[in-house]
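As a plain string of letters, each chain reads:
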Amino acid sequence: MTRFSKLLPALILLGACSTVKKLTPDLSRIPAPPLPSFSGLKKIATILPGMPESDTASVEDPKVPFNSRQTLGYGHTLRLHVYEGSRSTKRIYNGVVMVDEKGVVAFPGVGSARVGGLELPKAAEAVATTFRVGLRISRAVTVHILSVEDLPLVAITGDVIKDEYIPAWEKMTVKQAVTVAGGRRLGSANRGVYLIREGHSRYFPSLEAADSTEPEPGDIIHLSTDL
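Anyway, here's the lowdown on the structure attached to this text. Small disclaimer: the values here were computed from a predicted structure and weren't measured. (Residues numbered from 1 in each chain as written. Predicted model: local features only at pLDDT ≥ 70, side-chain atom pairs only at ≥ 80, totals over all residues. Heavy atoms only, no water.)

1. Topic: the overall build of the protein
Thinking step 1. Scanning the protein from terminus to terminus reveals 4 helices and 10 strands.
Thinking step 2. Per-residue burial over the protein gives 41% buried out of 227 residues.
Thinking step 3. Split by element, the accessible area of the protein, about 12800 Å² in all, is 57% carbon and sulfur. (Helix = DSSP H or I, 4+ residues; strand = E, 2+ residues; numbered from the N terminus. Buried < 20%, exposed > 50% of the residue type's maximum accessible area, 1.4 Å probe, protein only. Areas by Shrake-Rupley, 256 points an atom, 1.4 Å probe, with all protein chains shown as cover.)

Listed below in structure tokens is the structure:
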């Protein structure tokens, strides 16, 4: 057997792999759909006693421009609700925190989360980890980001091309929010969706069914990955 004949199977396999790579879309390179021009943004309906009416952590807190798809940096201020548990939920934090010069948000008595340079979905994960570790929580921890720099937000997670947060506008629907986020993953046949509000999850069999409930700032629209 010649040397070339020995190499032939490997060359065929290499060519096949190259062809598959060309035909398979690289999801990481798919750009996020553009955000529409929002008008009539929602108001934060419930301000608990003692909470500031705007996203201001202190008198030294600067106003910093923010886009829901950008990364967090110094001066960005987040309004957060954190819940423990999935069925019997308990609110364990409600407050407004600012990203400091080191890219950190501090939670007195709990710990600190490094969120500088992170997009909001990853920042929410970092905050959840801080509470789980700092309070030694074994149950689920849900972080609701109601707003950043007074921009009301809704999260879209799960069976989507990319987890993200978008501005919450008046009379928005669940289906509209998912469409703005780019829709389900390519080829997905799943239909179920959860609307998570104040730590509680409500299941809907489809986006159309979920449109019976209008999303509010802080809500998480989680597209089921197995239904």
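Once you've had a look at it, read on.
2. So, the packing of aromatic side chains
What describes a pair of aromatic rings is the distance from one ring centre to the other and the angle between the planes of the rings.
Thinking step 1. Summed over all chains, the structure comprises 4 aromatic pairs.
Thinking step 2. Centroid distance Tyr-93 to Phe-131: 5.7 Å. Interplanar angle 55°. Geometry classified as tilted. Residue Tyr-93 is found in strand β2 (residues 90-98), and its partner Phe-131 is found in helix α2 (residues 120-134); the two are separated by 38 residues along the sequence.
Thinking step 3. Owing to a relative accessible area of 18%, Tyr-93 belongs among the buried residues under this scheme.
Thinking step 4. Their ring planes at 55° and their centres at 5.2 Å tell us that Tyr-194 and Tyr-203 sit as a pair that is tilted. (Phe/Tyr/Trp six-rings, centres within 6.5 Å; stacked < 30°, edge-to-face > 60°.)

3. So, the pairing of β2
Thinking step 1. Pairing of strand β1 (residues 77-84) with β2, which is carried by 8 bridges, proceeds in the antiparallel orientation. When the sheet's bridge partners are listed, Val-82 is paired in β2 with Tyr-93.
Thinking step 2. What sits between β1 and β2 in their antiparallel hairpin is a turn of 5 residues, with Gly-85 showing a positive phi close to 95°. (Pairing = 2+ DSSP bridges.)

4. Observations regarding α2
Thinking step 1. An ideal rise of 1.5 Å per residue puts 21 Å on 15 residues; α2 measures up with 21 Å between its terminal C-alpha atoms.
Thinking step 2. Leu-120, Pro-121, Ala-123, Ala-124, Ala-126, Val-127, Ala-128, Thr-130 and Phe-131 are the residues of α2 that are buried.
Thinking step 3. Positive backbone phi, at 55°, marks Arg-136, one or two positions downstream of α2. (Expected span 1.5 Å × (residues − 1).)

5. Side note on the side chain of Glu-84
Thinking step 1. With respect to the helices and strands, Glu-84 occurs in strand β1.
Thinking step 2. Among the polar contacts made by the side chain of Glu-84, one reaches the side chain of Arg-139 at a distance of 3.4 Å.
Thinking step 3. Those residues in contact with Glu-84 that sit more than four places away from it in its chain are Thr-89, Lys-90, Ile-92, Ile-137, Arg-139 and Ala-140. (Polar contact = N/O pair within 3.5 Å; in protein donor to acceptor, adjacent residues only side chain to side chain. Contact = heavy atoms within 4.5 Å.)

6. Quick word on the pattern of salt bridges
Thinking step 1. A complete count under the given rule lists 13 salt bridges for this structure.
Thinking step 2. The partner of Arg-139 in a salt bridge is Glu-84, with the nearest N and O atoms 3.4 Å apart. Residue Arg-139 is located in the loop between α2 and β5 (141-148), and its partner Glu-84 is located in strand β1; the two are separated by 55 residues in the primary sequence.
Thinking step 3. For Arg-139, a relative accessible area of 35% gives the class partly exposed.
Thinking step 4. One salt bridge in this structure joins Glu-119 and Lys-162, with 3.2 Å as the shortest N-O distance. Here Lys-162 lies in the loop between β6 (151-158) and β7 (164-167) and Glu-119 lies in the loop between β4 (111-114) and α2, a separation of 43 residues in the sequence.
Thinking step 5. The network of salt bridges with shared partners includes Lys-42, Glu-170, Glu-214 and Glu-216. (Salt bridge = Lys/Arg side-chain N within 4 Å of Asp/Glu carboxyl O.)

7. Re the nonpolar core
For soluble globular proteins, nonpolar side chains are generally found buried alongside one another.
Thinking step 1. The biggest cluster of nonpolar side chains holds 31 residues, and the ones touching the most others in it are Phe-107 and Ile-145.
Thinking step 2. Residue assignment for this core shows that the elements contributing at least two residues are β1, β2, β3 (104-107), α2, β5 and β6.
Thinking step 3. Looking at which element gives the most residues to this core, the answer is α2, with 7 residues.
Thinking step 4. Non-local contacts of Ile-145, meaning those with residues more than four positions away in its chain, are made with Leu-78, Arg-79, Leu-80, Leu-120, Ala-124, Leu-153, Tyr-165 and Gly-218.
Thinking step 5. The next biggest cluster of nonpolar side chains, apart from the first, holds 19 residues, and it includes Val-154, Ile-166, Val-193 and Leu-207. (Core = buried A, V, L, I, M, F, W, Y, C linked by side-chain atoms within 4.5 Å.)

8. Observations regarding the environment of His-76
Thinking step 1. Residue position: His-76 is located in the loop between α1 (3-23) and β1.
Thinking step 2. Apart from residues lying up to four places away in sequence, His-76 is in contact with Val-64, Pro-65, Phe-66, Gln-70, Thr-71, Val-97, Met-98, Val-99, Val-148 and Glu-149.
Thinking step 3. Here the side chain of His-76 touches Pro-65 through a polar contact of 3.0 Å, landing on its backbone oxygen.

That is the geometry; function is a separate question.
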